[in-house]
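Observations on the three-dimensional arrangement
Next come the chains, spelled out residue by residue.
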Amino acid sequence: MDALFNILISRANYWVYIVLMMIGLYGIIAKKNLVKKIIGMNILQTAVILFYISIGAKKNATIPIIEHGHDTAHSAATATLYINPLPHVLMLTAIVVAVATLGVALTLVIKIHQQYHTLEENEILEKIREK
Amino acid sequence: MKIGGLILVVILGSVLIYGSLEFPPWGDPVSPASSHLSPYYIETSVEDTSVPNLVTAVLADYRGYDTMFETIVIFTAGIGCIFLLRIFRKEETGTRLYRHIATGITLRIEKGGKFPETSAAFERIDSVWVPHDLIVKTTCRLIVPFIQIFGLYVIAHGHHSPGGGFQGGVILGAAMILYAVAFNLRSAIQRMGERLTVMLSTLGVFIYAGTGVLCMLLGFNYLDYSALASLLGVDPVTAHSHGILIVEIGVGIAVMAVMVTLYYNLASAGKHDEGL
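Residues numbered from 1 in each chain as written. Chains lettered and ligands numbered in written order. Predicted model: local features only at pLDDT ≥ 70, side-chain atom pairs only at ≥ 80, totals over all residues. Heavy atoms only, no water.

Right, let's get into the pattern of salt bridges. Residue and element names in this part refer to chain B. Per the counting criterion, the structure on display carries 3 salt bridges over all chains. Note that Asp66 and Arg63 form a salt bridge whose closest N and O atoms lie 3.1 Å from each other. For Asp66, a relative accessible area of 24% puts it in the partly exposed group. For Arg86, the salt bridge is made with Glu194, and the minimal N-O distance between the two is 2.7 Å. With Arg86 in the loop between helix 5 (64–85) and strand 1 (96–100) and Glu194 in helix 9 (residues 194–217), this residue pair connects regions lying 108 residues apart in the sequence. (Salt bridge = Lys/Arg side-chain N within 4 Å of Asp/Glu carboxyl O. Buried < 20%, exposed > 50% of the residue type's maximum accessible area, 1.4 Å probe, protein only. Helix = DSSP H or I, 4+ residues; strand = E, 2+ residues; numbered from the N terminus.)

With that settled, consider the interface of chain B and chain A. Taken together, the 55 residues of chain B in the interface contact 49 residues of chain A. Summed over both sides, the interface of chain B with chain A buries roughly 5000 Å², with 76% coming from carbon and sulfur. Between chain B and chain A we count 0 salt bridges in total. In this assembly, chain B and chain A are joined by 12 residue pairs in polar contact (both at pLDDT 80 or more). Elements with a minimum of two residues in the side of chain B that touches chain A: helix 1 (2–20), helix 2 (32–35), helix 3 (38–49), helix 4 (54–62), helix 5, helix 7 (165–182) and helix 11 (236–268) of chain B. In terms of residue count, helix 1 of chain B provides more of the side of chain B that touches chain A than any other element does, 10 residues in total. The class makeup of the residues in the side of chain B that touches chain A is 36 nonpolar, 12 polar and 7 charged. (Contact = heavy atoms within 4.5 Å. Buried area = accessible area lost by both parts, 1.4 Å probe. Polar contact = N/O pair within 3.5 Å; in protein donor to acceptor, adjacent residues only side chain to side chain. Nonpolar A, V, L, I, M, F, W, Y, C, P; charged D, E, K, R; others polar.)

All right, on to the nonpolar core then. If you look at the biggest cluster of nonpolar residues, it comprises 36 residues, and the most contacted ones within it are Phe166, Tyr208 and Tyr225 of chain B. Of all elements in the fold, only helix 4 (85–116) of chain A together with helix 4, helix 5, helix 9, helix 10 (228–232) and helix 11 of chain B reach the threshold of two or more residues within this core. Sort the elements by how many residues they give to this core and helix 11 of chain B lands first, with 8 residues. The next biggest cluster of nonpolar side chains, apart from the first, holds 22 residues, and it includes Cys140, Phe183, Met256 and Tyr263 of chain B. (Core = buried A, V, L, I, M, F, W, Y, C linked by side-chain atoms within 4.5 Å.)

On to a positive patch on the surface, then. Taken together, the side chains of Lys31, Lys32 and Lys36 of chain A together with Lys2 of chain B define a basic patch exposed on the protein surface. Relative to the helices and strands, Lys36 of chain A is located in helix 3 (residues 34–55). The class for Lys36 of chain A is partly exposed, based on a relative accessible area of 45%. (Patch = residues over 30% accessible without salt bridge, like charges linked within 9 Å, V, L, I, M, F, W, Y side chains within 5 Å. Areas by Shrake-Rupley, 256 points an atom, 1.4 Å probe, with all protein chains shown as cover. Lys, Arg positive; Asp, Glu negative; His and termini not counted. Charge placed at Lys NZ, Arg CZ, Asp CG, Glu CD.)

Residues and elements named next belong to chain B. Under the defined criterion, the tally for this structure stands at 10 aromatic pairs over all chains. Here the aromatic rings of Tyr40 and Tyr62 are separated by 6.3 Å at their centres, their planes lie at 75 degrees, and the arrangement is edge-to-face. Here Tyr62 lies in helix 4 and Tyr40 lies in helix 3, a separation of 22 residues in the sequence. A residue is classified by how much of its surface remains accessible, and Tyr40, at 42% relative accessible area, is partly exposed. We classify Tyr62 as partly exposed; its relative accessible area is 26%. (Phe/Tyr/Trp six-rings, centres within 6.5 Å; stacked < 30°, edge-to-face > 60°.)

The next subject is the environment of Lys32 of chain A. Residue and element names in this part refer to chain A. Tracing the chain through its elements places Lys32 in the loop between helix 2 (12–30) and helix 3. The sequence separation of Lys32 and Tyr82 amounts to 50 residues, and the corresponding C-alpha distance is 45 Å. Setting aside anything within four residues of it in sequence, one finds Lys32 in contact with Leu119, Glu120, Glu121 and Asn122.

Before going further, it helps to spend a moment on the layout of surface pockets. Space inside the second largest pocket adds up to approximately 270 Å³. Counting residues per element, the ones that place at least two in the lining of the second largest pocket are helix 3 and helix 4 of chain A together with helix 4 of chain B. The greatest single-element share of the lining of the second largest pocket, amounting to 4 residues, is contributed by helix 4 of chain A. Within the lining of the second largest pocket, the residues separate by chemical class into 10 nonpolar, 5 polar and no charged. (1 Å grid on protein atoms, 1.4 Å probe; cavity = no way out; pocket = protein on both sides within 12 Å on 5 of 7 lines; lining within 4 Å. Points joined across faces, edges and corners; volume = space filled by probe spheres on them.)

Residues and elements named next belong to chain B. A grouping of Val213, Leu214, Leu217, Leu218, Phe220, Leu231 and Leu232 is seen on the molecular surface, where their side chains present a nonpolar patch of about 630 Å² in accessible area. Per-element accounting of the nonpolar patch gives the leading share, 3 residues, to helix 9. Relative to the elements of secondary structure, Leu231 occurs in helix 10.

Residues and elements named next belong to chain B. Residues of strand 3 (residues 122–125) alternate between two faces, with Glu123 and Ile125 buried on one and Phe122 and Arg124 left unburied on the opposite face. Across 4 bridges, strand 1 lies against strand 3 in antiparallel orientation. Within the sheet, the bridge partner assigned to His100 lies in strand 3 and is Phe122. (Pairing = 2+ DSSP bridges.)

The following block contains the structure:
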């Protein structure tokens, strides 16, 4: 029982991200409105970003900015005192790319609305078949 | 469709949760992700680049190529938005509406009627009912310069505190978007025209790629900032720090310009008229 509880506590963060990711994926699959699909895509991206950030965490470590970085005496930093900077770098760029993809996605949605006067997927498909 | 999606999502989620049992626990200092490359970055990056903020050092120096193409992705998104949405032909609606700012009286100019576009006492409006919010406009006019100064601080201080080109660029772009929301799109475009935003986004990418080419011309590898030591008159380690600042400024300019471009085109569906 104690071991099960330990597993529950130590992996709970991953399960939150998996639940978030599944909410986003369900939004992409099941919602018919294109804007809702884009919102689902954004929730999925957020889940992946949180997952990466949590990989970088270390117990008893601080943010990856070296204290007294310019004093030559202290320049040798211990790896256990600072969290892993690499996931932060990757996600920093991923957030910006998420904004860029959101911009292009909204652009396409505006064009689709200008063409078909609706954003519901089934109505757009009907209008395409009519032609 | 809904039931099928739900079943698929539940199956995939339970597979992922089963897989997560093998993952290292939260905050494990010897997890695989933290035990190979990241100790090298933490221990040597101050010696290599003299930048205390490891995220900035890794972003712009060790992974400089990645960040350069990331900037190009942003640039491509802005250009793609313009190509997809922008409507260049001017539609002549015939009647135009102008509002006297002090009194709120609306003038309707019929087709053929002349009106001085540059008059400061009047502003052009598209729909009849757009309220003139004095409080919102005054507050934003006071706040925007401080937001911009904060954005510049975030770009310039990215070496020593959380920050850098991407974050500062987004803050600068948000200041411009706040101005456009509080006033209207026309006055924002008068302040910062479309041509200027496109030129700035190109300039940002050019600064980043040009720094790399400059390093090559001086006989070093692409984006190896040690080459700048002779130009800047500092030792090679400090040259890394200055090189990072130069490319971060390029990133900041490009991100700011692309954010503003995306807002201009999305808010007005490419027509660049009144907008939201």
